[in-house]
Amino acid sequence: MDARDSTGTTAGRRGVALTPMDTRRPVIVRTARLADELGYEVFALPEGWGLDSTALLTEIALATERIHLASGVLSVWGRTPATLAMTAATLDQISGGRYVLGLGASTPALTEGFHDVPFVHPADRLAHTLTAVRALLAGEPAHLRDTPQAHPLRLGLAPAPSVPLWVAALGPRTMRIAAEQADGWFPALVALDSLGALVAQLERPPATDRRRPRPLTVAAGPLTVADENAEVARDTAARCIAWYVCAMGDDYARSLRRQGYGDDVRAVRAANPRPSPRSGVIPAAAEELLGQLAAVGTPEQVRAKLQRWDAVADVVMLGLPPGLPWPAIEATLRAAAPEPPVPTEVGPLAPTAEPAGLVLDGSRS
């Protein structure tokens, strides 16, 4: 699934991505149904420390018809490769071939503070999980690493080798793994002006003989909010970005520093000494960073800003900040909907007051 043509442009394909802080189940399902109706290609549901996303994706699969449903993403520390393969094969059946398994190395805060698992050699864990899951989905015996003396079993379902495996990678080692083993790259908080160079890096021939089975899908995009009041839209996205930069460990801040936004990261952290997703701010000194990570404003302004993302991503994923009221969600999805709609057949993805259900803790380092 590589829509970028020789001029570097795309067909304006769009997806929707939520954050793990939003646990309003009815709102999430309603968002997925609207995205399906509007012709969005992918709906990505994350998993952190709240809802079990795989159970909720089952509900969404039964409530939608065309849209691809992505685990965006599952931690390689929270489930074994065998459990991940069972999940992928099952959701592939339930959704009629619309499921995408997204995997990530996660963070020390979640791995150790929630799953009680030592966060050691995360890139190796990610690579092993991808290899093991792909083998099981292809009908091969389990790849046993820790118990090689055991008899390896196969998945007790029909093979599902067509399930795309996407990787959320930000660091150099996990980026290499995405380039060599994944069907898709699904990063978070990548600056618009950095994306093209990072995609080119991913598409270089690998140093090993390993070749991915399909062209790499680049699924990336900005935090997106459309509102007739452009300042309201801007501040909503700013709160979410400040929270990720200041309170979600150092992974996102470190990635933005590598992308050349070290001064902006320092300014954001200085402006948010006690970060909160309800009151985070992006100061004037970091306004450029906000412009790189968000597409906000009136519906017309949002549509114009997303055109630049269309040129560098196969599927532009709209990140919705947590806790958006339904009218804001609907306005944003309608403003940014793909035009013209993508084909209806399902094909491979060569892939104010605190709202009820909004989880505000669990990832702070």
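Residues numbered from 1 in each chain as written. Predicted model: local features only at pLDDT ≥ 70, side-chain atom pairs only at ≥ 80, totals over all residues. Heavy atoms only, no water.

A. Representation of the side chain of Thr54. Mapping Thr54 onto the fold places it in helix α2 (residues 53-63). A polar side-chain atom of Thr54 sits 2.6 Å from a polar atom in the side chain of Asp52. Those residues in contact with Thr54 that lie beyond four places of it in its chain are Glu47, Leu74, Arg79, Thr87 and Leu91. (Helix = DSSP H or I, 4+ residues; strand = E, 2+ residues; numbered from the N terminus. Polar contact = N/O pair within 3.5 Å; in protein donor to acceptor, adjacent residues only side chain to side chain. Contact = heavy atoms within 4.5 Å.)

B. Looking closely at the pairing of strand β5 (residues 165-168). The pairing of strand β4 (residues 99-104) with β5 spans 4 bridges and is parallel. The residue of β5 that forms the bridge with Gly104 is Ala168. Bridge count for β5 against strand β6 (residues 184-185) is 2 bridges, and the pairing is parallel. Bridge pairing in β6 links Val167 to Trp185. (Pairing = 2+ DSSP bridges.)

C. Expanded view of the packing of aromatic side chains. This model, assessed by the stated rule, comprises 3 aromatic pairs. A ring pair is formed by Tyr244 and Tyr252, whose centres lie 5.2 Å apart and whose planes are at 80°; its orientation type is edge-to-face. Summarising the burial analysis for this pair, Tyr244 and Tyr252 share the class buried. (Phe/Tyr/Trp six-rings, centres within 6.5 Å; stacked < 30°, edge-to-face > 60°. Buried < 20%, exposed > 50% of the residue type's maximum accessible area, 1.4 Å probe, protein only.)

D. Spotlight on helix α1 (residues 25-38). In this model α1 runs 20 Å from its N-terminal to its C-terminal C-alpha over 14 residues, within 8% of the 20 Å that 1.5 Å per residue would give. Against the buried residues of α1 lie β1 (14-17), β2 (42-45), α2 and α13 (326-336). Positive phi shows up at Gly39, right after α1, with a value of about 90°. (Expected span 1.5 Å × (residues − 1).)

E. Layout of the side chain of Thr332. Relative to the assigned elements, Thr332 resides in helix α13. Thr332 sits in the buried class, given a relative accessible area of 0%. Contacts of Thr332, omitting those with residues within four sequence positions, involve Tyr40, Thr224, Val225, Ala226, Leu318 and Leu320.

F. Focus on unusual backbone geometry. Omega for the bond connecting Gly72 with Val73 falls within 30 degrees of zero, at 10°, which places this linkage in the cis form. The residue Val73 is located in strand β3 (residues 68-75) in this model. In this model, Asp116 sits at a positive phi of 60°, which is unusual for a non-glycine residue. Among the secondary structure elements, Asp116 is positioned in the loop between α4 (108-113) and α5 (122-137). Even without glycine at this site, Leu189 takes up a positive phi of about 55°. Topologically, Leu189 is positioned in the loop between β6 and α7 (192-202). With a relative accessible area of 12%, Leu189 lands in the buried category.

G. Seen up close, the environment of Thr236. Residue placement: Thr236 occurs in helix α8 (residues 230-247). With a relative accessible area of 13%, Thr236 lands in the buried category. Beyond its immediate chain neighbours, meaning those up to four positions away, Thr236 contacts Val225, Pro321 and Leu324.

H. Representation of the nonpolar core in the model. In terms of nonpolar packing, the biggest core is built from 108 residues, with Tyr40, Phe43, Ile60, Leu101, Leu137 and Trp185 touching the most fellow members. Those residues in contact with Leu137 that sit more than four places away from it in its chain are Ala85, Ala88, Ala89, Leu155, Pro159, Ala160, Pro161, Val163 and Leu165. (Core = buried A, V, L, I, M, F, W, Y, C linked by side-chain atoms within 4.5 Å.)

I. Broad picture of the packing of α1 against α13. Where α1 contacts α13, the axes come no closer than 10 Å and their chain directions differ by 20°. If you check the angle between α1 and α13, you find them roughly parallel. The two elements α1 and α13 cross, and the hand of that crossing is right-handed. Residues Val27, Arg30, Thr31, Leu34, Ala35 and Leu38 of α1 pack against Trp326, Ile329, Glu330, Leu333 and Arg334 of α13. Counted by class, the contact of α1 with α13 contains 7 nonpolar, 1 polar and 3 charged residues. (Axes fitted to C-alpha atoms, helices over the stretch in contact; angles between N-to-C directions. Parallel < 35°, antiparallel > 145°, perpendicular 65-115°, else oblique. Left-handed = near helix turned anticlockwise from the far one by under 90°. Nonpolar A, V, L, I, M, F, W, Y, C, P; charged D, E, K, R; others polar.)

J. Quick look at α5. Look at α5: 22 Å from first C-alpha to last across 16 residues, which is about the 22 Å you get at 1.5 Å a residue. Those residues of α5 that fall on the buried side of the exposure criterion are Ala123, Leu126, Ala127, His128, Thr129, Leu130, Ala132, Val133, Ala135, Leu136 and Leu137. Structurally, α5 contributes buried residues whose contacts are with α3 (81-95), β4, β5 and α6 (172-181). Trailing α5 by a residue or two, Gly139 shows a phi angle of about 90°, which is positive.

K. Spatial organisation of the pattern of salt bridges. Scanning the entire structure with this criterion turns up 18 salt bridges. Between Arg79 and Asp52 there is a salt bridge, and its shortest N-O distance comes to 3.3 Å. Within this pair, whereas Arg79 is found in the loop between β3 and α3, its partner Asp52 is found in the loop between β2 and α2, the two being separated by 27 residues in sequence. A relative accessible area of 14% means that Arg79 is categorised as buried. Put simply, Arg254 and Asp251 hold a salt bridge, and the shortest N to O gap is 3.1 Å. Pair noted here: Arg254 and Asp251 are both in helix α9 (residues 251-258), with a separation of 3 residues, about one helical turn. The exposure class of Arg254 is partly exposed, given its relative accessible area of 37%. Connected via shared salt-bridge partners are Asp250, Asp251, Arg254, Arg257 and Arg269. (Salt bridge = Lys/Arg side-chain N within 4 Å of Asp/Glu carboxyl O.)

Keep in mind these values describe shape, not function.
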